[in-house]
Amino acid sequence: MRQESRFQAAAAVHSIDHFALNVPSLADALRFFESFGLDVEPASGQIAGLELRAADGHRWARLLAASDKSLAYLCFNAYAADLPVLRTQVIAAGGTNISPALGDAGAGFWFHDPDGNLIQVRAGKKTSPDCKVPHVSAGAAADTRGACTRAEAPRVRPRRLSHVLLFTTDVLRAVAFYERALGLRLSDKSGDLIAFTHAPHGCDHHLVAFAKSSARGWHHSSWDVASVDMVGQGAAQMAAAGYARGWGTGRHVLGANYFHYVEDPWGSFCEYSADIDFISAGREWPAGDFLPEDSLYLWGPPVPENFVRNTEV
């Protein structure tokens, strides 16, 4: 692997506020995401659909009724003073500025990225963590039981959204655009197959990731839990609810998080994630270019064929 050079934008977003996902069935979405451990509520305001909240209480997603599954839009938060600079950067980088759209229409500004994804940038609170949260270890002392019974296992409720991964027709173009437009920085990549980017204000190893496909698409949302034990419990929780298809449990090389992915009713995924690498505000990360065999996992079951399939093609 080798260290990558960096482009330094004048301003950068600091976090994801929420994503909006088009889904063919709100009823299926309600059952899936409630089983996953998220709070599902009717959408507020003029939006018809559902909202997803994690244990932190933040509204992380909107689910909108549509004929097919796709990303409706992705909303980033930034510091208010940075909004004019970010707008200029987006246009200079090639973003297509559009009139306010959908919910929260008057907040910030909207544009299309080179793949045609609808993006909103607005002033808002920093939802990403400011420091690395300690990983919870469940070790037990001698002469004590190290695990509870299955009946006593607590329900897994993700604490927050960690990141999203999008399919793109050109990974390196996507990275370059989001660096120049929104100030996201390359964390690591594997050739032109997959790349991970973070915000420079204190962020998990990746906030937005990109994977190569013949078309744009939504791959997964990743949700933070406290421990690898909760990753495994989440997998069991979903299997008991009838959602046994997915990939895991395992550990990534890039980001180093423990993971379990659960396939949703439309062929994309939700990930339970624990102990992801963290990049502190203002710190440089030695971005590398890794071999394909290191791009997905350190240990775990083989990657299922459907995991890398873009069902929106």
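Residues numbered from 1 in each chain as written. Predicted model: local features only at pLDDT ≥ 70, side-chain atom pairs only at ≥ 80, totals over all residues. Heavy atoms only, no water.

*Asks:* How should I be thinking about the side chain of Asp 224 in this particular structure?
*Replies:* Structurally, Asp 224 can be placed in strand 14 (residues 217-224). Here the side chain of Asp 224 touches Arg 159 through a polar contact of 2.7 Å, side chain to side chain. In contact with Asp 224, other than residues within four places in its own chain, are Pro 158, Arg 159, Arg 160, Ser 162 and Ser 273. (Helix = DSSP H or I, 4+ residues; strand = E, 2+ residues; numbered from the N terminus. Polar contact = N/O pair within 3.5 Å; in protein donor to acceptor, adjacent residues only side chain to side chain. Contact = heavy atoms within 4.5 Å.)

*Asks:* How should the pattern of salt bridges be read in this particular structure?
*Replies:* Pairs can form between side chains of opposite charge whenever their charged atoms are close. Applying the stated criterion to the full structure yields 19 salt bridges. Arg 59 is paired through a salt bridge with Asp 17; the nearest N and O atoms lie 3.8 Å apart. Residue Arg 59 is located in strand 4 (residues 59-65), and its partner Asp 17 is located in strand 1 (residues 15-23); the two are separated by 42 residues in the primary sequence. With a relative accessible area of 12%, Arg 59 lands in the buried category. Of the residues examined, Asp 17 reaches a relative accessible area of 3% and is grouped as buried. The partner of Glu 312 in a salt bridge is Lys 69, with the nearest N and O atoms 3.0 Å apart. Remark: Lys 69 occurs in the loop between strand 4 and strand 5 (70-78) and Glu 312 occurs in the segment after strand 19 (288-289); sequence separation between them is 243 residues. One continuous salt-bridge network, built from bridges that share partners, spans Asp 17, Glu 41, Glu 51, Arg 53, Arg 59 and Arg 122. (Salt bridge = Lys/Arg side-chain N within 4 Å of Asp/Glu carboxyl O. Buried < 20%, exposed > 50% of the residue type's maximum accessible area, 1.4 Å probe, protein only.)

*Asks:* Is there a simple way to explain the packing of helix 2 (residues 83-93) against helix 3 (residues 171-182) in this structure?
*Replies:* The axes of two packed helices give the description: the angle between them and the distance between them. At a minimum axis distance of 7 Å, the contact between helix 2 and helix 3 shows a crossing angle of 145°. Touching Leu 86, Gln 89, Val 90 and Ala 93 of helix 2 are Phe 177, Arg 180, Ala 181 and Leu 182, all from helix 3. In terms of residue class, the contact of helix 2 with helix 3 is built from six nonpolar, one polar and one charged. (Axes fitted to C-alpha atoms, helices over the stretch in contact; angles between N-to-C directions. Nonpolar A, V, L, I, M, F, W, Y, C, P; charged D, E, K, R; others polar.)

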